[in-house]
Amino acid sequence: MEVKTSLLDNMIGVGDMVLLEPLTEDSFLENLRKRFDHNEIYTYIGSVVISVNPYRSLPIYSPEKVEEYRNRNFYELSPHIYALADEAYRSLRDQDKDQCILITGESGAGKTEASKLVMSYVAAVCGKGQEVNKVKEQLLQSNPVLEAFGNAKTVRNDNSSRFGKYMDIEFDFKGDPLGGVISNYLLEKSRVVKQPRGERNFHIFYQLLSGASDDTLKKLKLDRDFSKYNYLSLDSAVVNGLDDATSFRTVKNAMQIVGFMEDEVQSVLELVAAVLKLGNIEFKPESRLNGTDESRVKDKNDLKEMCELLGIEQTVLERAFSYRTVEAKVEKVSTTLNVAQAYYARDALAKNLYSRLFSWLVTRINESIKAQTKTRHKVMGVLDIYGFEIFEDNSFEQFIINYCNEKLQQIFIELTLREEQEEYVREGIEWTNIEYFNNAIICDLIENNQNGIMAMLDEECLRPGTVTDETFLDKLNTVCAEHQHFESRLSKNSKFLNDHSLPHSCFRIQHYAGKVLYCVEGFVDKNNDLLYRDLSQAMYKASHSLIKLLFPEGNPAKVNLKRPPTAGFQFKASVGTLMRNLQTKNPNYIRCIKPNDKKAAHIFTESLVCHQVNYLGLMENVRVRRAGYAFRQAYEPCLERYKMLCKRTWPHWRAPAREGVEVLMADLQVPTEEFSYGRSKIFIRNPRTLFFLEERRRQCLEDLATLIQKIYRGWKCRTHFLLLKKSQIVIAAWYRRYAQQKKYHKIKSATTIVQSYTRGWQARKLLRELKHQKRCEEAATTIAAYWHGTQARRELRRLKEEARRKHAVAVIWACWQGLKVRREYRKFFRANAGKKIYNFTIQRIMQKYFFGLKKTLPSMSPIDKNWPARPYRFLDGAHTELKRLFHLWRCKKYRSQFTEEKKAVYEEKLEASELFKDKKSLYPSSVSQPFKGDYLEISKNPKYQKLNSSVEEKVLLADVVNKINRANGKGATRILLLTKKNVVLADQKTGQVKASVALPDLTSVSVSTQNDGFFALKLKEGSASAVKGDFLLSSEHLIETITKLHHIGSTASDDGEQLNVDITDEFLVQFKQDKVCVKFIQGAPKNGNGVSCKRKNNRLLEVSVPASA
Ligand SMILES: Nc1ncnc2c1ncn2[C@@H]1O[C@H](COP(=O)(O)OP(=O)(O)OP(=O)(O)O)[C@@H](O)[C@H]1O
Ligand SMILES: [Mg+2]
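In short, a report on the structure. (Residues numbered from 1 in each chain as written. Chains lettered and ligands numbered in written order. Predicted model: local features only at pLDDT ≥ 70, side-chain atom pairs only at ≥ 80, totals over all residues. Heavy atoms only, no water.)

**Topic: the sheet that holds strand β12 (residues 378-384)**
Across the sheet, seven strands lie side by side as β1-β2-β16-β3-β12-β6-β7; this open sheet has mixed pairing. At either end of the open sheet lies a strand with only one pairing partner, and these are β1 (42-45) and β7 (177-185). Sheet twist, expressed as the average angle between the axes of neighbouring strands with direction ignored, equals 20°. In the packing of helix α13 (residues 339-369) onto the sheet, contacts are made with β6 (164-171) and β7, and the angle to β7 comes to roughly 170°. Contacts between helix α14 (residues 396-426) and the sheet are confined to β2 (48-52), β3 (99-104), β12 and β16 (586-593), with β16 contributing the most and set at about 125° to the helix. (Pairing = 2+ DSSP bridges. Helix = DSSP H or I, 4+ residues; strand = E, 2+ residues; numbered from the N terminus. Axes fitted to C-alpha atoms, helices over the stretch in contact; angles between N-to-C directions. Contact = heavy atoms within 4.5 Å.)

**So, the sheet that holds strand β29 (residues 1074-1083)**
Strand pairing in a sheet relies on backbone hydrogen bonds, with the paired strands running either antiparallel or parallel. Strand order in this open sheet of four strands is β28-β29-β31-β30, and the pairing throughout is mixed. Each end of this open sheet is capped by a strand with a single partner; those strands are β28 (1066-1071) and β30 (1092-1097). Taking the axes of each pair of neighbouring strands and ignoring which way they run, one obtains an average angle of 30° across the sheet. Two strands pair when backbone bridges link them, and β30 and strand β31 (residues 1100-1106) are joined in this way by five bridges, in the antiparallel orientation. Counterpart to asparagine 1097 in the pairing with β31 is leucine 1100.

**Observations regarding the packing of α14 against helix α16 (residues 453-462)**
α16 packs onto α14 with a crossing angle of 140° between their chain directions and a minimal axis gap of 12 Å. The chirality of how α14 crosses α16 is left-handed. Contacts from Phe396, Phe399, Ile400 and Tyr403 of α14 reach α16 at Ile453, Met454 and Leu457. Among the residues forming the contact of α14 with α16, the class breakdown is seven nonpolar, no polar and no charged. (Left-handed = near helix turned anticlockwise from the far one by under 90°. Nonpolar A, V, L, I, M, F, W, Y, C, P; charged D, E, K, R; others polar.)

**Details of the site of ligand 1**
Near ligand 1 you find 19 residues, and of these Ser107, Lys111, Thr112, Ser160 and Ser161 are the closest. For ligand 1, an oxygen atom lies 2.7 Å from a polar atom in the backbone of glycine 108. Contacts to ligand 1 include glutamate 113, whose backbone N or O atom sits 2.9 Å from an oxygen atom. Taken by itself ligand 1 offers 630 Å² of open surface, and the protein chains cover 87% of this. Of all the secondary-structure elements, those providing two or more residues to the shell around ligand 1 are α4 (111-125) and β5 (160-161). Among the elements that make up the shell around ligand 1, the one with the highest residue count is α4 (three residues). Looking at the shell around ligand 1, its residues break down into five nonpolar, ten polar and four charged. (Near = heavy atom within 4 Å. Polar contact = N/O pair within 3.5 Å; in protein donor to acceptor, adjacent residues only side chain to side chain. Areas by Shrake-Rupley, 256 points an atom, 1.4 Å probe, with all protein chains shown as cover.)

**A few points about the coordination of the magnesium ion (ligand 2)**
Geometry reference: four tetrahedral donors at a metal, ideal angle 109.5 degrees. Six octahedral donors, ideal angles 90 or 180 degrees. Looking at the magnesium ion (ligand 2), one finds its protein donor set to be Thr112 (OG1) and Ser161 (OG), positioned 1.9 to 2.1 Å from the metal centre. Placement of the pair is threonine 112 in helix α4 and serine 161 in strand β5, with a sequence separation of 49 residues. A residue is classified by how much of its surface remains accessible, and serine 161, at 9% relative accessible area, is buried. (Donors = N, O, S within 2.8 Å, 3.2 Å for Na, K, Ca; no water. Buried < 20%, exposed > 50% of the residue type's maximum accessible area, 1.4 Å probe, protein only.)

**A word on empty space enclosed by the protein**
As enumerated under the stated definition, the model contains two cavities of 30 Å³ or more in all. Space inside the largest cavity adds up to approximately 80 Å³. Every residue lining the largest cavity is listed: Met119, Val122, Ala123, Cys126, Lys136, Leu139, Leu140, Ile169, Phe171 and Pro177. Those elements that place two or more of their residues in the lining of the largest cavity are α4, α5 (130-150) and β6. A class-by-class count of the residues in the lining of the largest cavity yields nine nonpolar, no polar and one charged. Lining the second largest cavity are Thr112, Asn143, Leu146, Glu147, Asn151, Ser161, Phe163, Lys165 and Asp384. Here the lining of the second largest cavity takes three residues from α5, the largest share from any one element. (1 Å grid on protein atoms, 1.4 Å probe; cavity = no way out; pocket = protein on both sides within 12 Å on 5 of 7 lines; lining within 4 Å. Points joined across faces, edges and corners; volume = space filled by probe spheres on them.)

**Observations regarding the environment of glutamate 911**
You can see glutamate 911 is positioned in helix α29 (residues 900-916). Residue class for glutamate 911 comes out buried when judged on its relative accessible area of 13%. C-alpha of glutamate 911 to C-alpha of leucine 550: the two residues are 361 residues apart in sequence and 142 Å apart in space. With sequence-adjacent residues up to four places away left out, glutamate 911 is seen in contact with Thr1043, His1046 and His1047.

**Some words on the packing of aromatic side chains**
Each pair of aromatic rings is reported with the distance of its centres and the angle of its planes. Tallied over the entire structure, the rule returns 41 aromatic pairs. Taken together, a centroid distance of 5.7 Å and an interplanar angle of 20° make the contact between phenylalanine 472 and phenylalanine 523 stacked. In this pair, phenylalanine 472 sits in helix α17 (residues 469-479) while phenylalanine 523 sits in helix α18 (residues 523-528), placing the two residues 51 residues apart along the sequence. Across the pair, phenylalanine 523 and phenylalanine 472 agree in class, each one buried. A ring pair is formed by tyrosine 635 and tyrosine 677, whose centres lie 6.4 Å apart and whose planes are at 40°; its orientation type is tilted. Of the two residues, tyrosine 635 sits in helix α24 (residues 635-642) while tyrosine 677 sits in strand β18 (residues 675-677), which places them 42 residues apart along the sequence. (Phe/Tyr/Trp six-rings, centres within 6.5 Å; stacked < 30°, edge-to-face > 60°.)

**What to know about the pattern of salt bridges**
On inspection of all chains with the given rule, the structure shows 55 salt bridges. Arginine 356 is the salt-bridge partner of glutamate 553, the closest N and O atoms lying 2.9 Å from each other. Remark: arginine 356 occurs in helix α13 and glutamate 553 occurs in the loop between α20 (545-550) and α21 (567-583); sequence separation between them is 197 residues. The partner of glutamate 662 in a salt bridge is arginine 658, and the shortest N-O contact between them spans 3.0 Å. In this pair, glutamate 662 and arginine 658 both sit in helix α25 (residues 657-668), four residues apart, roughly one turn of the helix. Relative accessible area serves as the criterion here: at 30%, glutamate 662 is assigned to the partly exposed category. Residue arginine 658 is classed as partly exposed on the basis of its relative accessible area, which comes to 32%. Within this structure, Arg162, Glu188, Arg191, Glu199 and Glu389 form a network of salt bridges that share partners. (Salt bridge = Lys/Arg side-chain N within 4 Å of Asp/Glu carboxyl O.)

**Considering the layout of surface pockets**
Empty space within the second largest pocket amounts to approximately 1500 Å³. The wall of the second largest pocket is formed by 41 residues, among which Asn528, Asp529, Leu530, Leu531 and Pro564 lie closest to the centre. Residue assignment for the lining of the second largest pocket shows that the elements contributing at least two residues are β7, β10 (323-327), α13, α18, α19 (533-540) and α21. The element best represented in the lining of the second largest pocket is α13, accounting for nine residues.

**Points about the nonpolar core**
Counting residues in each nonpolar core, the largest one holds 188 residues, and the members touching the most others are Phe28, Phe149, Phe205, Leu317 and Phe507. A per-element tally of this core places α13 first, with 15 residues. Counting residues in each nonpolar core, the second largest holds 30 residues, with Leu976, Ala995, Val997 and Ile1048 among its members. (Core = buried A, V, L, I, M, F, W, Y, C linked by side-chain atoms within 4.5 Å.)

Here's what the structure looks like:
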C-alpha cells in the first residue's frame, strides 16, 4: 500500500506557518531556517507557498515526484511547488476557474525557476497526444529563447530576468493545453550599451560568440574574442556554471522547436551581430567653419560591415550619425551632431534595435504558440517579473522594476490581506482587524496621475524649454516633498538636509521592500526613449526584411510628428492592464525568498531573510490566515459540490442553498466551531474540515462510481450472458444438426453395408443354386454323354467284334483256301526252295547295292565328307565300315602324292596343332597361313648378306620381331634368325648381331593364351646367354616361330629333352637380376594390332590384349 506523507507527518519544523506556535518573527525565521537546513525549501502559509532558493539542485523535481503530487489534496503531502501547481491546474480543469500564479520575490530569489517548475509540472500532468505534446514542447521551449535574449548576469543573479514576463497558458475543457500568449514588460535595454561593474550584457551576445561555428561567425563578420566588442563587459564575461556554447545550441534548437524558420534565425543573429558592430563604431570631432564640432565616423570598417549585414547604404547611416533633422509642421531643420550626440545616437539605436528585436521575438513566439481553435478556453497565467532591485546605482530601470513590484505587492495585499478581512466584515463574520502595511500609498506616490513621480517625469519630458534630469528632480522636490515615503536632500523637508547618504542628484523612496536611492541621471532621456528620426529612416531603408519591420516609423510616407508615448507612460499602462487581468483570475502565490547574497548553497543569512519576510508581509499573512478561515465558498456551489453527502440534499434540494448547506453540515455532524455561515458564503476554519468534506465526497463519489460501475457491470454481464445464451442456442442447434447428420450418415452407411451383405448373401445363394442347377444339368449331360459313350463304345465293340469275326472268318477262309491251294499245289514245288529263294534274293540285293555304290562313290578329296545313303537298314554296319575304308584308302592315295618338303611342312603344322590347338586364341588364324620360314629371303636379299654370312648354319626362320624393352615395355624391331643351333637377334637396319642364344641354353618358351604375338625366351640360369636375362619378344608369326623353335629345340637337345612351351597369362621373366611378372589382360576389342605393353612397376609388366572380335 502506498505510504502517505501528510503535511503533519514526519514534518521538519512546521510545514504550514499557520500552525506555528508561538507565532513570532523569530520562530517564523527559525522554522524557515530549520526547514531550509533539511532541504525543505517550501513552506505554506495557508495556500501561499514560500520558496527559499536552495542555490543547488535538489532531487525533488523528478517524474516520480510529479506522480506523487498528481491529483492529491493540497495539504495531503509535504509542501511543494507541485502541490500549488496541481491545485491551480485542478481548479482550472474541474471548477472552470481561470488561474494565475503570481511569483514574487527579489532578484535571484528563484521566481524564474519557480515559473518553469510550475509550467513543467502542468505539462507533465495535463493530457497527452501528438498535437498536445507539440504545444507543450513549444510552450516550454519558449523559455530558453526568451532567457537568452532577455536575461543577463547581474551582481544578484547569474541568470537575472531583465524583462517582465506574463504567460497565459490556454487549456480546453479537458485540461489539454491549446496554446499560449506571452506578454513582455519593459526590457532593461540600457544593458545593451552599458553594464554595471561585475555584470554582463544579455546572454545571447556571449552565447553567439562562444557557440556559433567558425563559418557562422564569418558570415556574421564577427570575431570570437569578446574583447573586440565595446558593448561587451569583460570582467564577468565567463560565468561559473554557465556554458555559453552549449546554451547557444540549446537556444537554436529551442527556436527550431518553437517554429522559427532557418532564415528567421539567421536574421535574428544578424541583428545581434549588427548591435555588436554598432558598439564598435567610434566618432571623432571635425571642426566646422562656424566653430562647432561635427562628429565623423573614425574607422569605417565596423560601420561598413554593419551596413553589409543589414543591407543599409553606408552613407545614409553615416550621415545619420552626423546630422539630425528636426521636422516641424512646416519646415525641416537639419542640425549637426557633435561627438557626444553621435555616441548618444549610436547607443540609442543599439538599444532600440535590441529591444525591438526582443519584442519581435515575443510576437513571433506568440504566433507559433497561439491556440489554433477559437473555442472558449480556460487560462492559467504565470507571472515572472523582474524582482525587487536595490543596486548601488539605481536608475530609471530600477525605478520601473520596483514600481512593478510595488504593484504586485499591492495586489497581494488587496487579495490576501485587505480583501480577506473586508470579506469577513461584508459577510457578517465576527472579526478583529489585523494591522498590516498597505503599500497603496507608495503606489500612489509613483503612479498618481496628478502628482505621482511618473506623471512628473512625463510632464517634464513633454514640457517645452530646457529639460534636464535636475529640473525633473527639482520638480519632485517641490511636488513630492511632503510625501512620507519620498526623501530628497533638497526637498522642502529639511529632515534630509544633512543626510550624506542621500546625494544631491538623487531621491529616495521608501518602498515596501526597503529604501531605494535613485540617481536621476538619465531619467528624462530614458523616459523619452528618443531615437532620431534620421536613424529610424536609415533603418527603414535597409534591405534586411526584419530590420525594416522593426522600424516602421522610419517609413517617410507615415511620418508622425506626434511625440510617441513615454516609456514610463507605456509601462504604467501595461502594468495597469496586467493588474486588471490578474484580478479576474483566481490567484495562487509563490513568495520567493533569497537566503543569502552570495548565490551560495547552505547559507541562510537571517537578517536578509528577516527583511524579506517583513516587506513581503508574510507575518501579517499568517496572522490573517490564523484568525480567519481557511476556506470559503458561496452556498450554491458548496451545496452543489457536497449535496451527495446527505440523503436529504441528494439528489435535489428545492429550498434556498444556505438552508441546504446547514442541513448538510448538521447531517455530517461537523463541529460548529469549525465553520461559520456568512451572508452569501460558508466559511470553513480548518483545512482539516475541508479535507474531511472532500474525503467524504471522494468516498461518496467512489460509492456512486461503484454503483454506476455495478449497474454497468450488471448490464454488461447480462448483455454478455444473453449473447452467450443466444450463441449457445445457435451452437447447440448447429451441433445437434451436425450430430444428427453424422448419425444419419452412419446409419445410412451401416444400412448400405447390411444391404450389400444381404444382397451379397442372396446373390451368392442364387449363384449357388444356379451353380447347383448348372452342375445338375452338366452332370446329366455328362451322365448322358457317358451313357451315350458307353452305348457308343458298346456298339463299337460290337461292331469291331463283328468286323473281327468277319475278318477272322475271312482269314480263316483265306487260310483254309491257302491250305487248300497249298495242298493242291504242294506237289508242284521242291524241298528247300524257300531258303534258296531267300539266299538268291539276298545276293541280288547285295549285288545291286555294290553296283549302285560304285556309281555313287564321292570324290577322292580327303576333306570331302559326302557318302551315299544306305538302301536297306540291315546294311547299316557294312555301309559305315565301307565308308571308313574308303576314306583311309583315299587318304593313303592323297599322301602318296606328297614331296618330302611338303611332308615336313605338314608335320610342322601338326606339331603346331599339338602345341597350340585349343590352348591359344591365336592358333586358329595360323592354320590357313603356310609356314614360310624365311620371310626376309635372307640368302637372296643383299641387304642381309653380311648377316647371313655371319650365321654359320642354315637359317630355318628369318623374321622381323619386336624386342620388348625391359625398362618401359616399348618395342624395338630386331631380325630373328633361327638356325639349328642358335637363335640370333640382329639389328634390322644394320644387320648387326645383337644377341645369339645357343638353343641348349633355352629352358622354355612362355606365351599367353590370348590373341597376341608375345613370347618369352627363358634362358638357363648361369648360361652364357643369360647374362642380360630372358628375352621378351613379339612376332607376327608366333605360332610358326614357337613350333619351329620347339621342333629344333627338341632335336638340338643332346639328351632329347623337349623345349617347354608354357601357355599361361602370367609368367615370370628374369630381367638381369629382377624377376618380372608379365601379365596379360584383356582390353576392349580393337581393330588392328592394339596390343600394348606397359611396365607398371619393378615387378609387373602388363600386356593389354584386345579381346578377339
Ligand atoms: N528551486 C531551485 N532549485 C535550485 N536552484 C534554484 C532554485 N530556484 C532558484 N535557483 C537558483 O537561483 C538562481 C536564480 O534564480 P532565478 O533566476 O529564478 O531568480 P529570479 O527570482 O528570477 O531573479 P530575477 O528577478 O533576477 O530574474 C537560479 O539561476 C538557480 O541557480
Ligand atoms: Mg528571473
